[in-house]
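Here is how the chains run, residue by residue.
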Number of protein chains: 2
Amino acid sequence: RKRILVTGGAGFVGSHLVDKLMMMGHEVTVVDNFFTGRKRNVEHWIGHENFELIHHDVISPLFIEVDQIYHLACPASPPHYMYNPVKTIKTSSMGTMNMLGLAKRVRATMLLASTSEIYGDPEEHPQKETYWGHVNPIGPRACYDEGKRVAETMCYAYSSQDKVDVRVARIFNTFGPRMHMQDGRVVSNFILQSLQNEPITIYGNGEQTRSFQYVTDLVNGLIALMNSKVNTPVNIGNPEEHTISEFATLIRNLTKSKSEIVHKATPTDDPRKRKPDITKAKTSLGWEPVVELETGLKKTIAYFKAELEQES
Amino acid sequence: RKRILVTGGAGFVGSHLVDKLMMMGHEVTVVDNFFTGRKRNVEHWIGHENFELIHHDVISPLFIEVDQIYHLACPASPPHYMYNPVKTIKTSSMGTMNMLGLAKRVRATMLLASTSEIYGDPEEHPQKETYWGHVNPIGPRACYDEGKRVAETMCYAYSSQDKVDVRVARIFNTFGPRMHMQDGRVVSNFILQSLQNEPITIYGNGEQTRSFQYVTDLVNGLIALMNSKVNTPVNIGNPEEHTISEFATLIRNLTKSKSEIVHKATPTDDPRKRKPDITKAKTSLGWEPVVELETGLKKTIAYFKAELEQES
Ligand SMILES: NC(=O)c1ccc[n+]([C@@H]2O[C@H](COP(=O)([O-])OP(=O)(O)OC[C@H]3O[C@@H](n4cnc5c(N)ncnc54)[C@H](O)[C@@H]3O)[C@@H](O)[C@H]2O)c1
Ligand SMILES: NC(=O)c1ccc[n+]([C@@H]2O[C@H](COP(=O)([O-])OP(=O)(O)OC[C@H]3O[C@@H](n4cnc5c(N)ncnc54)[C@H](O)[C@@H]3O)[C@@H](O)[C@H]2O)c1
Ligand SMILES: O=c1ccn([C@@H]2O[C@H](COP(=O)(O)OP(=O)(O)O)[C@@H](O)[C@H]2O)c(=O)[nH]1
Ligand SMILES: O=c1ccn([C@@H]2O[C@H](COP(=O)(O)OP(=O)(O)O)[C@@H](O)[C@H]2O)c(=O)[nH]1
Ligand SMILES: O=c1ccn([C@@H]2O[C@H](COP(=O)(O)OP(=O)(O)O)[C@@H](O)[C@H]2O)c(=O)[nH]1
Ligand SMILES: O=c1ccn([C@@H]2O[C@H](COP(=O)(O)OP(=O)(O)O)[C@@H](O)[C@H]2O)c(=O)[nH]1
């Protein structure tokens, strides 16, 4: 049994991670400022003797005693992280520095939730961990992409200089229940639009690709990485690649929707393709995703339906 | 007459900038922690009514009233910035954030001394400002390269969100008097080695290239940029490109040295070539370098000779 800190634990990924860690019998402390997360995502644990929820912003120092830190606190969807770019960078830079300072003091292992966005609009396909990336340092996505890049750099600076034990998970697009319905990302948009028989909005021609993993696969990957000895970055994602048009059709079919498909302008610096090479996770962690896209989408659609019903 | 803050003003570039600004009649405040700078570089101004020297580290907040900020504080040579990578990143990230916070409060224009290193080991040659770069986010140079990239990102986050007036100078390799003799960079190493008739150490085969500008050219470029309306990044460098072997031979000849040339291992991630495209500086600032390489080298050699004589 370990004392585990999950920053951003009231968010989408964090709350699923908390569920799993609690079920494993650990003592779990969640730190969250509720910018994009919500109490409801973890309310089923409130009152449990192994669970604690701290309302705290990671850009301020934090002094607690823990064995492992899963550092997830950071807005993740483009509309959220572009809402206040200065705050996004502060969260990634100062937030990560504080968690590394904490890890250094209490000798905890610190796992950074990094992202496939550090590869930017990739010129290598699929992306291996050795790829250096293709990121616009001053574009509208930079507050997130460069923030995560420098967070990784900080991890290895503390690792080499202060012997902090670090893990870096480069997370690829993830979906599942408790995603924000209004976060503007493709899966949530398409499901909402389909369920409400509103037009499905494809940005650009729809030929750009993404590879989506279901959230429980990601959680298993994060836990496997944390408890491994692998201190170099590892891609955690599902290599099954689809065009955005395929997602639109699939989601429309699964929801038996009457939505028409419309095209809108492509956002600036939108990556044209993305697909993880997960050889390293397979060989060094024995991990690979197991949930089928359709299975995951059905669960997510059921969640969105229930949320919509509750709202009305 | 303006109130001007120069962070890192006791360093190599900073002290030349201070000289020029003082000669122009401005009120100049230098902030420096003397990590790589030294009082001697600005001692000729101490006591002047327009000059102030503050011993301060930019990772702590600073509250003063100024009109312009030249933010140069950051170790610049690989041995210096790798000496304490955690501190290097804190200086670039928190230091730049503090200077942007200051600029925001007092409505000052803030110029960031960025670097050609944000282009990394470039795959575009020469490098234009539109190039996104090729940087290893977790390599040994990352504390500097990614630190400067995120510093640029911060500039544009504060610019778009808080209307801070920013200038970003992407400075290419620079040399001249007051360079650190022991900073391990190529010009200082080769001059010292030549003057002492010790072996000239070429790392690798010597076919890698750099383009060196003389420090007074850089200072004129920085001042032109600050006082322009150009708030997007601008390369400031000399496009005259030479192989490292050519530098070795040239410096050996100018010093009439008997040094032999030896080859050592190439450092990790050493960029193979670097040369600025300065079209933007020429057209938008009317700036271009004017000092010949040989002229600059002779002055630098004279400075190193005098320093060596003083030491002995
Ligand atoms: N969901 C994905 O597809 C995906 C892909 C790559 C990486 N990631 C990373 O995984 C992590 C979790 O993402 P998510 O999808 O669950 O997003 P999310 O927005 O649901 O969760 C982020 C959580 O962090 C909290 N938070 C944000 N800023 C904070 C701050 N300054 N202090 C304290 N708490 C703060 C939010 O309130 C929220 O609960 C993020 O770091 C994200 O970058 C997610
Ligand atoms: N010299 C070059 O070839 C070159 C090339 C590209 C960019 N630059 C940039 O120009 C700037 C000046 O470089 P330089 O060659 O004069 O280097 P330098 O090391 O001589 O000067 C840096 C100065 O900053 C000070 N400093 C460092 N960390 C500080 C901190 N935390 N707080 C306060 N002061 C601090 C140092 O004491 C020093 O006086 C740097 O930002 C560097 O990245 C230089
Ligand atoms: O238990 C701790 C220890 C450190 N920190 C913060 O982590 C950051 C980086 O720590 P480090 O030890 O590198 O900083 P230092 O204290 O040496 O400046 C600092 O801002 C600390 O305030 C923290 O939040 N909790
Ligand atoms: O309503 C939408 C939302 C997104 N996208 C596209 O879907 C892809 C994934 O976008 P998302 O914001 O989900 O994630 P990210 O770009 O960060 O992978 C991108 O090419 C978007 O342009 C789309 O076509 N319609
Ligand atoms: O005159 C000032 C104003 C701000 N700051 C620092 O600049 C940083 C960023 O400023 P911002 O206004 O973004 O931060 P906030 O105060 O809103 O957290 C903060 O850490 C401030 O302490 C400073 O050093 N001098
Ligand atoms: O004694 C030396 C120092 C540097 N270099 C090479 O000279 C180039 C410029 O190195 P420097 O450290 O001056 O600056 P950089 O441009 O790499 O930051 C690089 O290719 C180095 O490998 C060299 O051959 N011998």
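Residues numbered from 1 in each chain as written. Chains lettered and ligands numbered in written order. Predicted model: local features only at pLDDT ≥ 70, side-chain atom pairs only at ≥ 80, totals over all residues. Heavy atoms only, no water.

Okay, the overall build of chain A next. Check the secondary structure of chain A and you find 9 helices and 13 strands. By the compact-globule yardstick of 20 Å for 312 residues, chain A fits well, its C-alpha radius of gyration being 19 Å. Seen along its three principal axes, the alpha-carbon backbone of chain A occupies a region of about 55 × 45 × 40 Å. The proportion of buried residues among the 312 residues of chain A is 62%. Counting only contacts in chain A whose residues sit at least 6 apart along the sequence, the fraction spanning at least 24 positions is 81%. Each charge class in chain A was averaged separately, 36 positive and 36 negative side chains, and the resulting centres sit 3 Å apart. (Helix = DSSP H or I, 4+ residues; strand = E, 2+ residues; numbered from the N terminus. Rg over C-alpha atoms; globule rule 2.2 N^0.38 Å. Buried < 20%, exposed > 50% of the residue type's maximum accessible area, 1.4 Å probe, protein only. Contact = heavy atoms within 4.5 Å. Lys, Arg positive; Asp, Glu negative; His and termini not counted. Charge placed at Lys NZ, Arg CZ, Asp CG, Glu CD.)

To continue, consider the interface of chain B and chain A. On the side of chain A, 34 residues touch chain B, which itself brings 34 residues to the contact. Both faces considered, chain B and chain A share a buried interface measuring about 2,900 Å² in area, 70% of it formed by carbon and sulfur atoms. Our enumeration of links across chain B and chain A arrives at 10 residue pairs in polar contact (both at pLDDT 80 or more). Looking at the side of chain B that touches chain A, the elements that each hand over two or more residues are helix H3 (85–106) and helix H4 (142–162) of chain B. With 15 residues, the top contributor of residues to the side of chain B that touches chain A is H4(B). When the residues that make up the side of chain B that touches chain A are grouped by side-chain class, the tally is 17 nonpolar, 9 polar and 8 charged. (Buried area = accessible area lost by both parts, 1.4 Å probe. Polar contact = N/O pair within 3.5 Å; in protein donor to acceptor, adjacent residues only side chain to side chain. Nonpolar A, V, L, I, M, F, W, Y, C, P; charged D, E, K, R; others polar.)

What follows covers the site of ligand 5. Around ligand 5, the neighbouring residues are Lys90(A), Pro61(B), Leu62(B), Phe63(B), Met97(B), Asn98(B), Gly101(B), Leu102(B), Lys104(B), Arg105(B) and Tyr158(B). In this structure ligand 5 sits where residues from chains A and B come together. One nitrogen or oxygen atom from the side chain of Lys104(B) is found 2.9 Å from an oxygen atom belonging to ligand 5. One nitrogen or oxygen atom from the side chain of Arg105(B) is found 2.6 Å from an oxygen atom belonging to ligand 5. In isolation ligand 5 exposes 520 Å². Once the protein is present, 69% of that is buried. Take the shell around ligand 5: its biggest share by element is 6 residues, from H3(B). By residue class, the composition of the shell around ligand 5 is 6 nonpolar, 2 polar and 3 charged. (Near = heavy atom within 4 Å. Areas by Shrake-Rupley, 256 points an atom, 1.4 Å probe, with all protein chains shown as cover.)

Now for the confidence of the model for chain A. Segments scoring low in pLDDT should not have their predicted coordinates read at a detailed level. For chain A, the mean per-residue pLDDT works out to 97, and 100% of the residues sit at or above 70. Model confidence for the complex is summarised by a pTM of 0.96, with the ipTM given as 0.95. (pLDDT = per-residue confidence, 0-100.)

Moving on, we get to the relation of the copies chain B and chain A. Note on the copies: chain B fits chain A at an RMSD of 0.0 Å, the axial shift is 0.0 Å, and the rotation between them is 180°. Such values leave the two copies arranged in the relation of a two-fold axis. Both copies present the same face, since 100% of the interface residues in chain B are matched by interface residues at the equivalent positions in chain A. (Least-squares fit on C-alpha atoms with pLDDT ≥ 70 in both.)

What follows concerns the nonpolar core. Here is a general trend for soluble globular proteins: nonpolar side chains tend to be buried in one another's company. In this structure, Leu5(A), Ile69(A), Leu5(B) and Ile69(B) are the most contacted members of the largest nonpolar core, which totals 68 residues. Of all the elements in the fold, those that place two or more residues in this core are helix H3 (85–106), strand E5 (109–115), helix H4 (142–162) and strand E6 (166–171) of chain A together with H3, strand E5 (109–115), H4 and strand E6 (165–171) of chain B. When residues no more than four places from it in sequence are discounted, the contact partners of Ile69(A) are Leu5(A), Met99(A), Leu102(A), Ala103(A), Ala108(A), Thr109(A), Met110(A), Leu111(A) and Met226(A). If you look at the next biggest cluster of nonpolar residues, it comprises 56 residues, including Val30(B), Ala113(B), Phe190(B) and Ala248(B). (Core = buried A, V, L, I, M, F, W, Y, C linked by side-chain atoms within 4.5 Å.)

This part is about the sheet that holds strand E11 (residues 234–236) of chain B. All names here are of chain B. Read across the sheet, 7 strands follow the order E3-E2-E1-E4-E5-E6-E11 without closing on themselves; strand pairing throughout is parallel. Single-partner strands in this sheet number two, and they are strand E3 (51–55) and E11. Going from strand to strand, the sheet's axes swing by 20° on average, the running direction of each strand aside. Note: E5 against E6, 7 bridges, orientation parallel. (Pairing = 2+ DSSP bridges. Axes fitted to C-alpha atoms, helices over the stretch in contact; angles between N-to-C directions.)

This part covers the site of ligand 1. All names here are of chain A. The full set close to ligand 1 counts 30 residues, and Val13, Asp32, Thr36, Leu72 and Tyr144 are the nearest of them. Between ligand 1 and the protein, one listed contact pairs an oxygen atom with a backbone N or O atom of Phe12 at 2.9 Å. Within the backbone of Thr174, a nitrogen or oxygen atom sits 3.0 Å from an oxygen atom of ligand 1. If ligand 1 stood free it would expose 820 Å²; the protein chains cover 98% of that surface. Of all elements in the fold, only helix H1 (12–23), E5 and H4 reach the threshold of two or more residues within the shell around ligand 1. In terms of residues, the shell around ligand 1 owes the most to one element, E5, which gives 3 residues. A per-class count over the shell around ligand 1 returns 14 nonpolar, 12 polar and 4 charged.

Let us now look at the side chain of Thr174(B). Residue and element names in this part refer to chain B. Tracing the backbone through its elements, the reader meets Thr174 in strand E7 (residues 174–175). Given a relative accessible area of 8%, Thr174 falls into the buried group. Within the local environment of Thr174, its side chain forms a polar contact with the backbone oxygen of Phe172, the two atoms lying 2.7 Å apart. At 3.1 Å, the side chain of Thr174 and the side chain of Gln213 are in polar contact. If sequence neighbours within four positions are ignored, Thr174 has contacts with Phe12, Met179, Phe212, Gln213, Tyr214, Val215 and Leu218.

Of note, the bond from His125(A) into Pro126(A) is cis; its omega dihedral lies within 30 degrees of zero at -10°. Mapped onto the elements, Pro126(A) comes out in the loop between E5 and H4. Even without a glycine there, the phi angle at Lys256(A) is positive, about 50°. Within the secondary structure, Lys256(A) is located in the loop between helix H7 (244–254) and strand E13 (261–264). Even without glycine at this site, Arg178(B) takes up a positive phi of about 75°. The residue Arg178(B) is located in the loop between E7 and helix H5 (186–195) in this model. You can call Arg178(B) buried: its relative accessible area is 17%.

All names here are of chain A. Spatially, E3-E2-E1-E4-E5-E6-E11 is the arrangement adopted by the 7 strands of the open sheet, whose pairing is parallel. Strands at the two margins of the open sheet, each flanked by one partner only, are strand E3 (51–55) and strand E11 (234–236). Put simply, the sheet's adjacent strands are angled 20° from each other on average, direction ignored. In terms of strand pairing, strand E4 (residues 68–71) meets E5 through 4 bridges, oriented parallel. Bridge assignment links Tyr70 to a residue of E5, and that residue is Leu111. Packed on one face of the sheet, H1 meets strand E1 (3–7), strand E2 (27–32), E3 and E4 and runs near 170° to E1. Packing against the sheet, helix H6 (residues 215–226) makes contact with E4, E5, E6 and E11, and its axis sits at approximately 155° to E6.

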